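Here's the letter readout for the chains.
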Amino acid sequence: METRKIGSLSVSVVGLGCNNFGRRLDAAGTELVINAALDAGVNFFDTADVYGGTLSESFMGPLLAPHREKVIIATKFGIAIEGQGGGASPGYIRTAIEASLRRLGTDRIDLYQLHQPDPAVPIAETLGELNRLVQEGKVREIGCSNFSVEQLQAAEAAVQPEAAHFVSVQNEYSLLRREPEANVLPECERTGLAFLPYFPLASGLLTGKYRKNQAAPEGTRITTGANYAQWLSDENLSLVERLIQYAEARGHTLLELAFGWLLRWPSVASVIAGATKPQQIQANVASAGWTLTDADIANVNAILAQ
């Protein structure tokens, strides 16, 4: 599988988003998905301490331990956890990292990410503590999530000489959620910051299993979520049909188009799609091979603008 860089880390361009573990999947289901990912050549596993009420990290740790030298583990901190706290203060960061290391059963986090900005804490204080974790060997690289261009620039300006700095930003991005194209992605291209798109398949809408005038599959993320009606609007389903027609006319699938659209940006290091079944892992990995041409990009932009 192709790899790209997040700082000093080499990650598979198809990663695994682990927010289903401990929430939609129990330990046995998690094992099936992680083993399928490892078998398919995925080496990048992205989670957060809050996912699954902390169970995501706990489930993942023993499964990845035998492969620890070959896998890249990314986790996040900052969103409040009952009994643990939240935020980005130096004191809380120390609490959060020790808890994540314990749950994951490892001595270091490869990519440690601030899950969301904390307006109550100066970014310089957050970066100072994260730098200490890097110096101690508990963290290899640091990143952020849900940051605007202005927040990225403020963070870069606050870095002390020779200190660790954010090497990645993780924001929502897909064919149906394109806000990063206006500012954050160009900033990543300019500065060399890696971009990690979350919800890259729009909660499954870009997999091709939701079709206009057809009943939605039961038990899926969209049909069990709070935004069910929003995602499965007539506008979205009509757009999906046009995208399917475009992809199939060129011998590809909607899933391949969704991955190709994201990976056309050199700064997109890995598409961290979630999965609840091994077959979804296999489909995701197989879909990362369509390199979109300039004509494809122009044509898809025209479809999206309709």
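Refer to the structure presented above.
Residues numbered from 1 in each chain as written. Predicted model: local features only at pLDDT ≥ 70, side-chain atom pairs only at ≥ 80, totals over all residues. Heavy atoms only, no water.

Draft legend 1. Broad picture of the overall build of the protein chain. Scanning the protein chain from terminus to terminus reveals 12 helices and 10 strands. In terms of overall size, the protein chain behaves like a compact globule, its C-alpha atoms giving a radius of gyration of 19 Å where 306 residues would be expected to give roughly 19 Å. When its C-alpha atoms are laid out on the principal axes, the protein chain stretches across 55 × 45 × 35 Å. Counting across all 306 residues of the protein chain, residues that qualify as buried make up 54%. A fraction of 77% describes how many contacts in the protein chain between residues 6 or more apart in sequence connect residues 24 or more apart. (Helix = DSSP H or I, 4+ residues; strand = E, 2+ residues; numbered from the N terminus. Rg over C-alpha atoms; globule rule 2.2 N^0.38 Å. Buried < 20%, exposed > 50% of the residue type's maximum accessible area, 1.4 Å probe, protein only. Contact = heavy atoms within 4.5 Å.)

Draft legend 2. Layout of unusual backbone geometry. Even without glycine at this site, N146 takes up a positive phi of about 60 degrees. Examined against the element boundaries, N146 turns out to sit in the loop between strand 7 (139–145) and helix 5 (149–158). Look at F199: it is not a glycine, yet its phi comes out positive at around 50 degrees. Position of F199 among the secondary structure elements: in the loop between strand 9 (194–198) and helix 7 (221–224). According to the relative accessible area criterion, F199 is partly exposed, its value standing at 28%.

Draft legend 3. Seen up close, the pattern of salt bridges. Across all of its chains, the model carries 16 salt bridges by this definition. Note that K138 and E98 form a salt bridge whose closest N and O atoms lie 2.4 Å from each other. Here K138, found in the loop between helix 4 (123–136) and strand 7, pairs with E98, found in helix 3 (residues 90–104); they are 40 residues apart in sequence, far enough to count as distant. With a relative accessible area of 22%, K138 lands in the partly exposed category. On the basis of relative accessible area, E98 is assigned to the partly exposed category, the value being 32%. R264 is the salt-bridge partner of E181, the closest N and O atoms lying 3.9 Å from each other. (Salt bridge = Lys/Arg side-chain N within 4 Å of Asp/Glu carboxyl O.)

Draft legend 4. Inspection of the side chain of N284 at higher detail. Following the sequence through the fold, N284 ends up in helix 11 (residues 278–286). Given the relative accessible area of 6%, N284 is considered buried. Here N284 is in contact with V14, L201, L255, F259, A273 and G274, once residues within four sequence places are set aside.

Draft legend 5. Broad picture of the environment of D234. With respect to the helices and strands, D234 occurs in helix 9 (residues 234–249). Residue D234 is classed as exposed on the basis of its relative accessible area, which comes to 57%. Separated by 121 residues in the primary sequence, D234 and Q113 place their C-alpha atoms 36 Å from one another.

Draft legend 6. Molecular detail of the nonpolar core. Of all hydrophobic cores here, the largest spans 88 residues; its most connected members are L16, F45, Y112 and L243. In terms of residues, this core owes the most to one element, helix 10 (residues 254–263), which gives 8 residues. With 12 residues, the next largest nonpolar core counts I6, F44, L196 and I272 among its residues. (Core = buried A, V, L, I, M, F, W, Y, C linked by side-chain atoms within 4.5 Å.)

Draft legend 7. Inspection of the packing of aromatic side chains at higher detail. Applying the stated rule across the entire model yields 4 aromatic pairs. Relative to F166, the ring of F147 has its centre 5.8 Å away and its plane inclined at 80 degrees; by these criteria the two rings are edge-to-face. A residue pair is termed long-range when its members are at least 10 positions apart, and F147 in the loop between strand 7 and helix 5 and F166 in strand 8 (residues 166–172) qualify at 19 residues. Comparing F147 with F166, the two get one shared label, buried. On the numbers, 6.0 Å between centres and 85 degrees between planes, the contact of Y173 with F195 is edge-to-face. Pair noted here: Y173 is in the loop between strand 8 and helix 6 (184–191) and F195 is in strand 9, with a separation of 22 residues, a long-range link. Classification of Y173 as buried rests on a relative accessible area of 0%. Note on F195: relative accessible area 0%, which makes it buried. For the cation-ring pair, R250 lies above Y246, with the distance from its terminal atom to the ring centre recorded as 3.5 Å. It is R264 that lies over the ring of W261; its NZ or CZ is 3.8 Å from the centre. (Phe/Tyr/Trp six-rings, centres within 6.5 Å; stacked < 30°, edge-to-face > 60°. Lys NZ or Arg CZ within 6 Å of the ring centre and 35° of its normal.)

Draft legend 8. Representation of the layout of surface pockets within the structure. Approximately 210 Å³ is the volume attributed to the second largest pocket. Along the walls of the second largest pocket sit 14 residues, with L152, E156, F166, T191 and L193 positioned nearest its centre. Secondary structure elements with two or more residues in the lining of the second largest pocket: helix 5, strand 8 and helix 6. Looking at which element gives the most residues to the lining of the second largest pocket, the answer is helix 5, with 4 residues. When grouped by side-chain class, the residues that make up the lining of the second largest pocket number 7 nonpolar, 4 polar and 3 charged. (1 Å grid on protein atoms, 1.4 Å probe; cavity = no way out; pocket = protein on both sides within 12 Å on 5 of 7 lines; lining within 4 Å. Points joined across faces, edges and corners; volume = space filled by probe spheres on them. Nonpolar A, V, L, I, M, F, W, Y, C, P; charged D, E, K, R; others polar.)

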